[in-house]
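Coordinates in review
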Amino acid sequence: SPSIFGIEYHTQGELLTVKEAGALWVRRNALLWSLVEPTEGVRDWAAVSQLEEELIQAAQQGQQVILVIRSTPTWAQRIEGSFCGAIKRKKFDAFAAFVRDAVARYSQPPYQVKYWELWNEPDVDPAAVKPDEVYGCWGDPQDDFFGGGYYAEMLMQVYPQIKAADPQAQVLVGGLLLDCDPINPPETSNGSGQLRDCTSSRFLEGILEAGGGNFFDGVSFHAYDYYYGTAGQYGNGNWHS
């Protein structure tokens, strides 16, 4: 049966090693919108020629790529200077047009990309990371759902365009951090009696509350467990795991 084993890679040279490891799936972060369309309406696909070579190699090796799309160009930034941050609402249609063209381009041979992930960890506060960070940073600390509803608005415009370009395409909510349990928050430190603020982990709930549930096919979740120093002992106290 096909392997479910996958690896995220960062350079083309790693692809052969990934193949040798037996990974069928590879995740690539990312196709940068800001690089291809620095000026609205003008696409420069040559700017991602290296990425295109990687996608071709992965397809030739029989690997399925999960391709992340991120990086808001300056003309579309909701927060000025924030490439990892959210898109202006009035530019959602421009992003949808870009993604439609990207899917039309890369879903066909020789690329064969079928899985698309919109941003990487969008449930991050823009104030917590550098503006050009590899994370997404759509988080809104002033919102009860940390900006999930706004992200849902984007999905509602982009998802139909992706399906129009390739009905077989699968759309993933950008790999969510969801770093602690908002229903039963952990203590800031053991025995402190003070609970962590886990509002950011309501981002997915916000997507659903805003009606975004019909506008994605899967959810990426970066569920990290931590090694406890003894073989077989690991977990994540942030989720009481």
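Before going into details, it helps to say that this report is about the structure given with it. (Residues numbered from 1 in each chain as written. Predicted model: local features only at pLDDT ≥ 70, side-chain atom pairs only at ≥ 80, totals over all residues. Heavy atoms only, no water.)

So, unusual backbone geometry
This is how it is decided: The helix count covers DSSP runs of H or I at least four residues long, the strand count covers runs of E at least two residues long, and both are numbered beginning at the N terminus. Each residue is assigned to one of three classes by its accessible area relative to the maximum for its type, calculated with a 1.4 Å probe on protein chains only: buried under 20%, partly exposed between the two thresholds, exposed over 50%.
Residues N29 and A30 are joined by a peptide bond in cis, for which omega reads 20°. Tracing the backbone through its elements, the reader meets A30 in strand β2 (residues 25-32). Omega for the bond connecting P109 with P110 falls within 30 degrees of zero, at 5°, which places this linkage in the cis form. Relative to the assigned elements, P110 resides in the loop between α4 (92-106) and β4 (115-118). At F146, a residue that is not glycine, the phi angle is positive and equals roughly 55°. Topologically, F146 is positioned in the loop between β4 and α5 (148-165). By relative accessible area, F146 is classed as buried at 9%. Positioned with a positive phi, L178 is a non-glycine residue whose angle comes to about 40°. You can see L178 is positioned in the loop between β5 (170-176) and α6 (203-209).

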